[in-house]
Amino acid sequence: MIDATEVPTERHRLYEDALAILTGTLIMSLGVIIYSKAMLLTGSTSGLALLLQYATGAQFWLVFSLINLPFYVLAVKRLGWMFALRTFLAVTLVALFSKLTAGWVEFARLDPIYATIVGGGLMGTGLLILFRHRTGLGGINILAIYLQEKFGIRAGYFQLAVDLAILATALFVLPPANLVLSVLGAAVVNMTLAINHRPGRYAGVT
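Reference entry: report on the structure contained in this document. (Residues numbered from 1 in each chain as written. Predicted model: local features only at pLDDT ≥ 70, side-chain atom pairs only at ≥ 80, totals over all residues. Heavy atoms only, no water.)

Regarding helix α5 (residues 81–104)
Counted only if it meets this: We count a stretch as a helix when DSSP gives it H or I for four or more residues in a row; a strand needs E for two or more, and each element gets its number in order from the N terminus. Expected helix span is computed as 1.5 Å times (number of residues minus one). Each residue is placed in one exposure class: buried if its accessible area under a 1.4 Å probe, protein chains only, is under 20% of its type's maximum, exposed if it is over 50%, and partly exposed if it falls in between.
Its 24 residues give α5 an end-to-end C-alpha distance of 33 Å, which sits within 8% of 34 Å, the value for a rise of 1.5 Å per residue. Residues F83, A84, R86, T87, A90, V91, L93, V94, A95, F97, S98 and T101 constitute the buried set of α5.

Shown next as structure tokens:
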């Protein structure tokens, strides 16, 4: 058996990062549109943007862009300029593609359970591609890292608390069945990441 720590890492080329960010944001945007059409929620900043869309009627792309603005300063301070720039690009592309995808794809019928599983799988895969190329989708993830470094608050616990708060607020916006499916969808997204994004399974660096 080969020790994963002994496998030499290969740095990503610029075109590989560019293609990954383009592909990851396109896939992520399709998952968001599926959830939007089915009136489902996901976690983190995307989930908050969807919730505000359902509650106010504002378009996802606009809300998602505005929510992320305050967090870029934290990204620069804690994660560096390159990560911040990649994150800004990814957020901008998800906002743009979610706006355009609504015109590219139409659903005559969308089964809620199918939407939950496939939409969650798409978002998880999109995030996986972005994470493997040192790119995030900003917002709550950046704040969680900052709070952990500054105050010792565990990033995972903070993100869980935020996701639970989003779901709790959704009780006043979504039907109970949609809320239950949203919990299932969050599990699909996180399992996609947990199974595929861990040390030893991928060694590429940017």
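Remarks on the pattern of salt bridges
Which entries qualify depends on this criterion: By definition, a salt bridge exists where a carboxyl oxygen of Asp or Glu is found within 4 Å of a side-chain nitrogen of Lys or Arg.
A full pass over the atoms with the stated rule returns 2 salt bridges. Two residues, D17 and R86, come together in a salt bridge whose shortest N-O distance is 3.3 Å. In this pair, D17 is assigned in helix α1 (residues 14–38) and R86 in helix α5, connecting sequence segments 69 residues apart. We note a salt bridge from R109 to D111, for which the minimum N-O separation is 4.0 Å. Here R109 falls in the exposed class, since its relative accessible area comes to 68%.

Some details on the layout of surface pockets
Using the following cut-off: Whether a set of points on the 1 Å grid over the protein atoms alone is a cavity depends on a 1.4 Å probe fitting there but being unable to get out, while an open set qualifies as a pocket with protein on both sides within 12 Å along at least five of seven lines; lining residues are those with an atom within 4 Å of a point. Grid points are joined across faces, edges and corners, and a volume is the space filled by probe spheres set on the points. Here the term charged refers only to Asp, Glu, Lys and Arg, the term nonpolar to Ala, Val, Leu, Ile, Met, Phe, Trp, Tyr, Cys and Pro, and the term polar to all other amino acids, Gly among them.
As a volume, the second largest pocket reaches approximately 180 Å³. Around the second largest pocket, the lining residues are I33, S36, K37, Q53, Q59, F60, W61, S98, K99 and A102. Those elements giving two or more residues to the lining of the second largest pocket turn out to be α1, α3 (60–68) and α5. Among the residues making up the lining of the second largest pocket, the classes are represented as 4 nonpolar, 4 polar and 2 charged.

Things to note about the environment of G126
Selection rule: In this description, contact between two residues means that some pair of their heavy atoms is separated by no more than 4.5 Å.
Along the chain, G126 turns up in helix α6 (residues 112–131). Look at G126 and you get buried, because its relative accessible area is 0%. Apart from the residues within four sequence positions on either side, G126 is in contact with G24, I27 and M28.

Overview of α6
Heads up, the rule is: Whenever two N or O atoms come within 3.5 Å, that pair is a polar contact, provided that in protein one can donate a hydrogen and the other can accept it, and provided that, for residues adjacent in sequence, both atoms are side-chain atoms.
Here α6 spans 28 Å end to end across 20 residues, near enough to the 28 Å set by a 1.5 Å rise per residue. Taken together, the buried positions of α6 are occupied by A115, T116, G119, G120, G121, M123, G124, G126, L127, L128 and L130. For α6, the N-terminal cap is D111; the gap from its side-chain oxygen to the backbone nitrogen of I113 is 3.1 Å.

Thoughts on the packing of α1 against α5
Note the threshold: Throughout, an axis means a line fitted to C-alpha atoms (over the contacting stretch in the case of helices), and angles, computed between N-to-C directions, take values from 0 to 180 degrees. Reported orientations rely on four angle classes, namely roughly parallel under 35 degrees, roughly antiparallel over 145, roughly perpendicular from 65 to 115, and oblique for the rest. For a crossing to be left-handed, the near helix must be turned anticlockwise from the far one by less than a right angle; the clockwise case is right-handed.
It is at 8 Å that the axes of α1 and α5 come closest, and there the two elements cross at 45°. Overall, the two elements α1 and α5 adopt an arrangement that is oblique. Of the two elements, α1 crosses α5, and the hand of that crossing is right-handed. Taking contact as the criterion, the partners of D17, I21, L22, T25, L26, M28, S29, L30 and I33 in α1 are, on α5, R86, L89, A90, L93, V94, F97, S98, T101, A102 and W104.

Description of a nonpolar patch on the surface
Note the following rule: For patches, a residue must show more than 30% relative accessible area and have no salt bridge; joins then use 9 Å for like charges and 5 Å for nonpolar side chains, namely Val, Leu, Ile, Met, Phe, Trp and Tyr. For the accessible areas, the method is Shrake-Rupley and the probe is 1.4 Å, while residue cover comes only from the protein chains on display.
A cluster of nonpolar residues, Y15, L19, L22, L26, L96, L100 and W104, forms a patch on the protein surface that exposes about 680 Å² of accessible area. Contributions of two or more residues to the nonpolar patch are made by α1 and α5. Here the nonpolar patch takes 4 residues from α1, the largest share from any one element. With respect to the secondary-structure elements, L96 resides in helix α5. For L96, a relative accessible area of 41% translates into the label partly exposed.

The quantities given are spatial measurements derived from coordinates; they are silent on function.
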